Amino acid sequence: MRMNANEFGKRLGIGVRVAGRIAQQRAQQSNQAQSNQGQSNQTRPASTESPQTGLPGVILPPSANFTASAGKVAAQTGKVGRAAGQGIGGFLRPFRRVGGILWLEVTGFFFGLFAIYFASDLWRTRLSYASGPQHQRFLIAAGMTAVFAYLSISAFWRAQRR
């Protein structure tokens, strides 16, 4: 299931074009909604009683209903934020697999360094394996070498399987 460079480039280009098209459509829909709202405010007949305050003779401009316009802006901002998140997620999806493989290889490398360190300590204390002054240190070094060697090998094995 390996992807060659040309196929990856094609998929990346298609994803970017689709995300751009979606963003353009959303922006056009937003502009149309704003222009329709502006037209409906202009065609409203002027009255002597303001719908916002209910007081006769007090006429407020159409933009004076701040709570309604703030709600609309918040709803539109939420939609744009979700669309942007989906676009970024779609763009980064191919890199998630590569990043996971790289993470496994880096952790495997560091586990390997620890395994080498404990293996060197194991080699220094090898003469005390049965009973000697450093018998406990030998056993600890043997256990830690085994644990870190297992973690290193399994990390590289999992990276190879991906």
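Computed from a predicted model, the values in this text were never measured in an experiment.

Comments concerning the overall build of the protein
Part 1: Along the protein, the regular secondary structure elements total three helices and zero strands.
Part 2: The helix and strand sequence of the protein, counted from the amino end, reads α-α-α.
Part 3: At a minimum sequence separation of 6, the contacts of the protein that also span at least 24 residues come to 51%.

Digging into the pattern of salt bridges
Part 1: For the structure shown, the criterion picks out two salt bridges.
Part 2: When the shortest N-O distance is used, the salt bridge between R124 and D121 registers 2.8 Å. With a gap of three residues between them, R124 and D121 both fall in helix α2 (residues 66-124), about one helical turn apart.
Part 3: Among the salt bridges present, the one from D121 reaches R137, with a minimum N-O distance of 3.2 Å. One end of the pair, D121, is in helix α2; the other, R137, is in helix α3 (residues 135-161), and 16 residues separate them in sequence.

Quick notes on a positive patch on the surface
Part 1: Together, R97, R158, R161 and R162 make up a positively charged patch on the protein surface.
Part 2: You can see R97 is positioned in helix α2.

So, α3
Part 1: Under the 1.5 Å per step criterion, the end-to-end length of α3 is 39 Å for 27 residues, consistent within 8% with the ideal 39 Å.
Part 2: Along α3, the positions that sit buried rather than exposed are F138, A141, T145, F148, S152, S154, A155 and A159.

What to know about the packing of aromatic side chains
Part 1: Under the defined criterion, the tally for this structure stands at six aromatic pairs.
Part 2: A centroid spacing of 5.8 Å and a plane angle of 55 degrees characterise the contact between F91 and F95, whose relative ring orientation is tilted. Of the two residues, F91 and F95 both sit in helix α2, four residues apart, roughly one turn of that helix.
Part 3: Clustering of aromatic rings is evident, with ring pairs tying together F111, F114, Y117, F118 and F148.
Part 4: The ring of W123 has R126 sitting right over it, with the charged end atom 4.0 Å from the ring centre.

Reading guide: rules and limits
- All residue numbers refer to positions counted from 1 along the written sequence of the respective chain.
- The predicted origin of the model limits local features to residues at a pLDDT of at least 70 and limits the giving and counting of side-chain atom pairs to 80 or more, whereas totals for whole chains, interfaces and linings rest on all residues.
- Computation of side-chain values: all heavy atoms of the structure, hydrogens and water removed.
- Only DSSP runs of H or I with at least four residues qualify as helices, and only runs of E with at least two residues qualify as strands; both kinds are numbered from the N terminus onward.
- Contacts between residues were defined by any pair of non-hydrogen atoms, one from each residue, lying within 4.5 Å.
- The rule for a salt bridge is simple: a side-chain nitrogen of Lys or Arg has to be within 4 Å of a carboxyl oxygen of Asp or Glu.
- Only residues whose relative accessible area exceeds 30% and that form no salt bridge are eligible for patches; like-charged ones are grouped when within 9 Å, while nonpolar side chains (Val, Leu, Ile, Met, Phe, Trp, Tyr) are grouped when within 5 Å.
- Areas reported as accessible are Shrake-Rupley estimates using a 1.4 Å probe. Residue values count occlusion only from the protein chains shown.
- All tallies of charge rest on Lys and Arg as positive and Asp and Glu as negative; His and the ends of each chain are not included.
- One atom stands in for each charge, and that atom is NZ of Lys, CZ of Arg, CG of Asp or CD of Glu.
- Working rule for helices: expected span equals 1.5 Å times residues minus one.
- To sort residues, take the accessible area from a 1.4 Å probe on protein chains only and compare it with the maximum for the residue type: under 20% means buried, over 50% means exposed, and anything in between is partly exposed.
- Working definition: rings of Phe, Tyr and Trp (its six-membered ring) pair if their centres are within 6.5 Å, and the pair is stacked with planes under 30 degrees apart, edge-to-face with planes over 60 apart, and tilted otherwise.
- For a ring to carry a charge above it, either NZ of a lysine or CZ of an arginine must fall within 6 Å of the ring centroid while also lying within 35 degrees of the normal to the ring plane.

Such coordinate-based values are descriptive only and should not be taken to indicate function.
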